[in-house]
Amino acid sequence: MAKKPAVDWGGQKKINLALQGGGAHGAFTWGVLDVILEDGRLDIEGITGTSAGAMNAVVFAQGYLEGGRAGARKALEKFWQNVSESGSVGGAPQNIVDKLLNPFGFDTSPAYWWLDFVTHYTSPYEFNPLDVNPLRDILEKAVSFEKVRACTEIKLFIAATNVHTGKIAIFRREDLTASHIMASACLPFIFQAVEIDGIPYWDGGYTGNPPLWPLFYETKSPDILIVQINPVERQETPKTARDIQNRLNEITFNDTLLHELRAVAFVQKLYDEGKLPPDQYMRPFIHRIDGAEPLKQYSAASKLDASWPSLIAMRDIGRKAGKAWLEAHYDSIGKTDTLDLKETLA
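Here we summarise the structure given alongside this text.

Rules of the game
- Residues numbered from 1 in each chain as written.
- Predicted model: local features only at pLDDT ≥ 70, side-chain atom pairs only at ≥ 80, totals over all residues.
- Heavy atoms only, no water.
- Phe/Tyr/Trp six-rings, centres within 6.5 Å; stacked < 30°, edge-to-face > 60°.
- Helix = DSSP H or I, 4+ residues; strand = E, 2+ residues; numbered from the N terminus.
- Buried < 20%, exposed > 50% of the residue type's maximum accessible area, 1.4 Å probe, protein only.
- Lys NZ or Arg CZ within 6 Å of the ring centre and 35° of its normal.
- Salt bridge = Lys/Arg side-chain N within 4 Å of Asp/Glu carboxyl O.
- Axes fitted to C-alpha atoms, helices over the stretch in contact; angles between N-to-C directions.
- Parallel < 35°, antiparallel > 145°, perpendicular 65-115°, else oblique.
- Left-handed = near helix turned anticlockwise from the far one by under 90°.
- Contact = heavy atoms within 4.5 Å.
- Nonpolar A, V, L, I, M, F, W, Y, C, P; charged D, E, K, R; others polar.
- Core = buried A, V, L, I, M, F, W, Y, C linked by side-chain atoms within 4.5 Å.
- Right-handed = clockwise from strand over helix to strand, strands pointing away.
- Pairing = 2+ DSSP bridges.

**Regarding the packing of aromatic side chains**
Scanning the model with the defined rule gives 6 aromatic pairs in all. Summarising the aromatic geometry, the rings of W30 and W308 are spaced 5.9 Å apart at their centres and angled 35° between planes, so their arrangement reads as tilted. A residue pair is termed long-range when its members are at least 10 positions apart, and W30 in helix 1 (residues 26-39) and W308 in helix 12 (residues 308-329) qualify at 278 residues. On the accessibility criterion, W30 (1% relative accessible area) is buried. Pairwise contacts between aromatic rings join W30, F79, W80 and W308 into one cluster. Here the guanidinium or amino end of K13 rests over the ring plane of Y330, the centre of that ring lying 4.8 Å away. A cation over an aromatic ring shows up here: R41 above the ring of Y330, its NZ or CZ 4.1 Å from the ring centre.

Have a look at this one:
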């Protein structure tokens, strides 16, 4: 990690964002981004994103290029409206899901049970041979990737998993297409692997949710703000088959992030003990806006719920969390961590 000192650009503090994936819970991240853009005191240098985090990242970049902060806010709202109106994060048209849900809650809906059953006993190559994915249509209508690639003000790093090697793949802004984002969001039980240049990719959450290391090597800011939406801890023991599977998914999609945070904590310890020369190494500062606790009221099934009231509720929770974090920790940016890694990793 080469030394890259914190800089205050014209009253704005530079910071990097690391955006987790989590289906419709990505609307929480939309709320956080909305507050950051509204506040105006942070200048975003780089963004890493996985799955829904990747979608938020590219929409953010296009909107920013078209109309600055106001343009990014408008683009994010329009994108999530399109998700709600035109499709479902689970891969089925929302109007069909709505009909099946009434009068059920999402957890007990026939639509959710059908999807859960099908994905456990058949592959997407069998039940979806044409590889239909409404999210691709939404993404292609909402995002001009030519504009995203032209947005040089913000560095983008999108994570996917190479199916053949099992290793993480990082796609950078200048190369991005809709296929790269769909690869980052490709849940293998629901969608066929996304092939790019002959290589199949699955959801980036398996290998980096979100990855941090590109920000250390390719940006100047030592500050990374993680927007986390998957719970690290739960105090209750899951006992139903579905609850067990949901908890396993949460653990899996947080595992790589926790491993990276352990590496960061080790570098910080060496730096603080004077074992790393400050003229050669950077002391990273880690921050987190944690959506896991407020989102615990929503079941794992709600990650497939693209209804507008649900998305707005999650956006508002994200706005509240973002405001609270800025009020409490803005002055610490560039100076110290606001995430206690020792406690987080204990």
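**Re the pattern of salt bridges**
For the structure on display, the rule yields 19 salt bridges. In this structure, the salt-bridge partner of R247 is E250, at a minimum N-O distance of 2.8 Å. On the criterion of helical spacing, the pair formed by R247 and E250 is a turn pair, its members being 3 residues apart in helix 10 (residues 241-272). In this structure, R247 and E250 share a single accessibility class: buried. Across the pair R315 and D316 runs a salt bridge, and its minimum N-O distance is 2.8 Å. By relative accessible area, R315 is classed as buried at 18%. A cluster of three or more residues bridged by salt bridges with shared partners is formed by D34, E38, R73 and R319.

**Some details on the packing of helix 1 against helix 12**
A packed helix pair is summarised by two numbers, namely the angle formed by the two axes and the spacing between the axes. Across the interface, helix 1 lies against helix 12 with an axial gap of 6 Å and an inter-helix angle of 45°. The orientation of helix 1 with respect to helix 12, classified from their angle, is oblique. For the crossing formed where helix 1 meets helix 12, the hand is right-handed. Note on element contacts: helix 12 touches helix 1 through W308, L311, I312, M314, R315, I317, G318, R319, A321, G322, K323 and L326, opposite A27, F28, W30, G31, V32, D34, V35, I36, E38 and D39. Taken together, the residues of the contact of helix 1 with helix 12 sort by class into 13 nonpolar, 3 polar and 6 charged.

**Description of the nonpolar core**
Ranked by size, the top nonpolar core spans 69 residues in total, and within it V58 and L139 carry the most contacts. Examining the composition of this core, we find that 13 residues originate from one element, helix 2 (residues 52-86), more than from any other. Residues within four places of V58 in sequence aside, it is in contact with L139, V143, F145, V148, L156, L176 and I181. Formed by 17 residues, the second largest nonpolar core is a distinct cluster that contains L212, L215, F216 and L345.

**Let's talk about the side chain of Q268**
Structurally, Q268 is set in helix 10. With residues near it in sequence (within four places) discarded, Q268 still touches R283, P284, F285, I286, D337 and L341.

**Section: the pairing of strand 2 (residues 12-19)**
Buried residues dominate strand 2, accounting for 7 of its 8 residues. Taking the sense of rotation as the criterion, the β-α-β connection linking strand 2, helix 1 and strand 3 (residues 42-49) turns out right-handed. Direction of pairing for strand 2 relative to strand 8 (residues 223-228): parallel, over a ladder of 4 bridges. In the strand pairing of strand 8, A18 is matched with I226.

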